[in-house]
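Take a look at the letters that make up each chain.
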Amino acid sequence: MTDTPVLSVRNLVVEIPTRHGVLRPVDNVSYDIQAGEILGVVGESGAGKSMTGNAVVGLLDSPARITSGEVLLSGQPIQNLRGEALRRLRGKKMGMIFQDPLTSLNPLLTIGDQLTETIQEHLKVGQTEAQERAIAALEEVGIPAARSRIDSYPHEFSGGMRQRVVIALALCAEPDLVIADEPTTALDVSVQAQIVALLKRLCRDRGVAVMLVTHDMGVIAEAADRVAVMYAGRLAELGPVREVITAAHHPYTAGLMASTPLASQGKERLRQIPGAMPRLGNLPDGCAFHPRCDYAQDSCRANPGPTLDTCDGRAACWFPLNIKEKSEVGA
Amino acid sequence: MADIQQDIRPSRLHRAWNSDLGWSFRHAPVAVASTFVVLLLIIGAVLAPFIAPHSPFDPGSLNLMNGFTPPGQANQFTGDYFLLGTDDQGRDVFSTILYGMRISLFVGFAAVLLAMVLGVTLGLLAGYLGGWTETIIMRVADVQLTFPAILVAMLIFGIAKGITPPEYRNEMAIWVLILAIGLSDWVQFARVVRGATLVEKNREYVQAAKLIGRSPFAIMLRHILPNVLNPVLVIATISLALAIIAEATLSFLGVGAPPTKPSLGTLIRIGQEFMFSGEWWILFFPAATLLALALSINLLGDWLRDALNPRLR
Amino acid sequence: MLAYIIRRIFQSVLVLLMVGLVAFSMFRFVGDPVDNMLGQERTQADIERLRDQLGLDQPFVVQYWRFLEQAAQGNFGLSYRQGRPVAEILVERLPATLELAFVSGILALVGGISLGIFTAIRRRGLSANVIMTGSLIGVSLPTFLIGILLIYLFAVELGWLPSFGRGEVTRIGSWTTGFLTESGLKSLILPAITLGLYQMTLIMRLVRTEMLEVLRMDYIRFARARGIREKSINFRHALKNTLVPVITITGLQLGSIIAFAIITETVFQWPGVGLLFINAIQFVDIPVMAAYLMMISVMFVGINLIVDMLYFAIDPRLRVDRTAGGH
């Protein structure tokens, strides 16, 4: 724990001013990612997980903006960087992978063009060297016959292959941090596992820190070392994947686990969490989850929303589960 | 079933007006200003016989001595006063503009109405019936779209002029203009309506109406038409500006409204002759009126398109 | 790709046949061609002979076919008004229109694309908004008013440029050019701006809309996330994608310059085919109208074909999908 984490997010708040008041899609979120570690960020759509990733790389669409908190990249604050300074970091220090490989690649440029352009933007290398590195990057992500396919256009690849190209693009300038925003969601199930395995391998081989944003608990269980569960813009739970899966402290995490078909969990019936996540415009008082929580008590409504510190830095809950006896979830 | 529909429809329109469109209108000063200008000009045109200080096309009331009176000054021979001056014949420019606007607006509205009825009908038929009907209609539309509308209008005008006996040509000119501009402009409507019809045709409620045994005619009119009204309204507004400009252009080129029934374009054509000799007002005021009319309708159409299509922010 | 081009050529021929039908119908049904061609002193024998010669008693399809044959050879008969072969008049007038259209086209294209990019990139900037508002006035301003305004400013008030005609022209074979003399070039300026301005505004607005659309795409976002320079994002990644849809419409716009030249030529008394066409309409000179229609259709169809080929050259997706698609 003496190493400076590659990415350290401290009390990050993102706000969007609207006609009906200020929304907070990311509210007081903190976490670290070490080199060679995969942090899974999970939650329903609208929970603020993608917004967190975009905030880190400075790609928030206006009018959304960071209003307080810090983003430290290898100890350096970057949340206030703009323009040229920020551009130099993108690609070079932090790479990003988007959800849909079909739309992430420029259809009119060959993948070789897109790779060499990125490489030459950040590394001081010549045309031929860049070309060689591009081929190496493609080989690394498992594109067969990379040398002959480098002049192909994106539409000549299948969806899974395109996502590999996207990963190669994100990694080709050798960043320390990769933010993967739902990298498997748009892919066929059979391909999803390959991409997850690829991410894991790259993380291990290169010692890259990975922030894996997804709504799929299965992907998290498969790939992540630690997991951050988000609900309505806040962190609900943060901890090592094994522990969170086997003994969730936050009722929301428990509900999420119970509603996910995990191969390791036998043949229990899947359960749903009743209701839907509240819209950011009208969050309930107190803990944002209490209207859907089986364990909610009057104090959940009355007290201000709990933070991670209310429960050993693990769960934001006044009445965490599985604390005394580490029994099975939902037993 | 029918009762429920009748209950829903007016309230939906009402709600739309009160919320989004109405809100957007109240918060768009440009839209409010252009509406004001358009309404002012339309009222001026409609009430021309009551507002105009002179009746410029009654030869009996004209005095050649009044010719070339500058605006805002009394005539040096007769002492008569004209707000915007007079032309070579001693016609009051203000009055000719009011009457000219009548022709311009009438031709514009009538032509757009013709184009709209034609385009919407053909678009509905093409989209709903498909098959040969669609092929023929859309082929013709494609061919016509290859050519600029103004050229098509000129051609139709030329042909119609050739068919009309010479002694009726001046009288028929206005109607020929409407026909020419209307026929040159239906394609836009047809394409949009056909596209929307293709989408609506497969919706459950249309399928349901079919199953109940409603006639295709009733389905098109009652179910599909209301759903394509928004884009049609936008196109109609923009078409109106285009039609007014087209009419002015044709008249300016001498293939439109005759000098005996001048539109704004004809007035500009007449005024152009006096540009070199310094009687600028004969040209300037009709030109400025035309510009104000076309610009404010365009601005209104622009706003309407944005307001009805949130994707364009 | 070959199949696609063949299909497009087939469609083009279909368009020309339809236009030919319109032109032929004008000949045949607008007024009596025999009446139009023969003067006042005609005998019944003259009428019979001409009727026979024109084949007016033949079936409609046969007449149409003969008309197409003649048209393909550039033979449209005599102008009712001037009594000279229509083809001869057209060839004489064509250089003036083509030179004017060429200069305006370049102006519209270069100005429209660069202003479109500028206003898209600086979407919230003051100058971009001023240009956008100006363009709306430009769209509302009828071409002939722009011409009159320019004449008033530069010819009447300032006296810098001529207000009508082509100036001094040089003859090169059967072509006359105004490019080689000072007065010829000076005369070209105002008409070229008049004709080009409207098209320029349209192209500019189109480029802006398309470019804004493209700038919202995922691959632009991804390029940003990779730290690609703004310059490269705008001009390499976005521009190329913008140009694909822009090319089709722009091609058609450039084609319509030739048609819009009618208006400009009238304002500036420019001795081209447009002025000829307007005079033909005023005097119901059917052969000239028909010939002009056919000529301009051939040009339009040609431009459309070229645009289609360009499309293939720019978009690799079309190149591959069509050949490998297999249907």
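Scroll up to find the structure.
We now turn to the structure provided with this report. Quick caveat, the model's predicted, so the values are computed rather than measured.

So, how was this worked out
Residues numbered from 1 in each chain as written. Chains lettered and ligands numbered in written order. Predicted model: local features only at pLDDT ≥ 70, side-chain atom pairs only at ≥ 80, totals over all residues. Heavy atoms only, no water. Pairing = 2+ DSSP bridges. Helix = DSSP H or I, 4+ residues; strand = E, 2+ residues; numbered from the N terminus. Contact = heavy atoms within 4.5 Å. Axes fitted to C-alpha atoms, helices over the stretch in contact; angles between N-to-C directions. Buried area = accessible area lost by both parts, 1.4 Å probe. Salt bridge = Lys/Arg side-chain N within 4 Å of Asp/Glu carboxyl O. Buried < 20%, exposed > 50% of the residue type's maximum accessible area, 1.4 Å probe, protein only. 1 Å grid on protein atoms, 1.4 Å probe; cavity = no way out; pocket = protein on both sides within 12 Å on 5 of 7 lines; lining within 4 Å. Points joined across faces, edges and corners; volume = space filled by probe spheres on them.

1. Examining the sheet that holds strand β1 (residues 7-18) of chain A
Sheet strands pair by backbone hydrogen bonding; their relative direction is either parallel or antiparallel.
All names here are of chain A.
Argument step 1. Across the sheet, which stays open at both edges, the four strands sit in the order β2-β1-β4-β5 with antiparallel pairing between neighbours. Two strands in the sheet have a free side with no partner beyond their single neighbour: β2 (21-33) and β5 (76-77).
Argument step 2. Examined bridge by bridge, strand β4 (residues 65-73) and β5 share two bridges and lie antiparallel to one another. Residue pairing across strands places L73 opposite Q76, the latter belonging to β5.
Argument step 3. Strands β1, β2 and β4 of the sheet are contacted by helix α1 (residues 49-57), whose axis makes an angle of about 105° with β1.

2. Describing the interface of chain C and chain B
Argument step 1. Between chain C and chain B, the residue contacts involve 47 residues of the former and 42 residues of the latter.
Argument step 2. Carbon and sulfur atoms supply 78% of the area that chain C and chain B bury against each other, a total of about 3800 Å² over both sides.
Argument step 3. Contact with chain B buries area across many residues of chain C, yet C:S140, C:F144 and C:I148 alone supply 14% of it, more than any other trio.
Argument step 4. Inspection of the chain C/chain B interface yields zero salt bridges.

3. Here's the deal with the pairing of strand β6 (residues 94-97) of chain A
Residue and element names in this part refer to chain A.
Argument step 1. Burial of the side chains of β6 extends over both faces: M94 and M96 are buried on one face and G95 and I97 on the other.
Argument step 2. Summarising the sheet, β6 and strand β7 (residues 177-181) pair through four bridges and their orientation is parallel. Across the sheet, G95 pairs through a bridge with V178, a residue of β7.

4. Things to note about the sheet that holds β6(A)
Residue and element names in this part refer to chain A.
Argument step 1. Pairing is mixed across the open sheet formed by six strands, whose spatial order is β6-β7-β8-β3-β9-β10. Here the strands that pair on one side only, and so sit at the sheet edges, are β6 and β10 (234-240). Put simply, the sheet's adjacent strands are angled 15° from each other on average, direction ignored.
Argument step 2. Relative to β10, strand β9 (residues 226-231) runs antiparallel, the two sharing six bridges. Note that in β10 the partner of R226 across the bridge is P240.
Argument step 3. In this fold α1 packs onto β3 (38-42), β6, β7, β8 (209-214) and β9, with an angle of close to 145° to the strand it touches most, β8.
Argument step 4. Where helix α8 (residues 189-206) meets the sheet, its contacts fall on β3, β6, β7 and β8, and the angle it forms with β3 comes to roughly 140°.

5. Here's the deal with empty space enclosed by the protein
Argument step 1. Throughout the structure, instances matching the rule amount to four cavities of 30 Å³ or more.
Argument step 2. The calculated volume of the largest cavity comes to roughly 100 Å³.
Argument step 3. What lines the largest cavity is A:Y231, A:R234, A:L235, A:A236, A:H250, A:C287, A:A288, A:F289, A:P306 and A:A316.
Argument step 4. Roughly 80 Å³ of internal volume is contained in the second largest cavity.
Argument step 5. Lining the second largest cavity we find B:D87, B:R91, B:V93, B:T96, B:L267, B:I270, B:G271, B:I282 and B:P286.
Argument step 6. Take the lining of the second largest cavity: its biggest share by element is three residues, from helix α12 (residues 264-272) of chain B.

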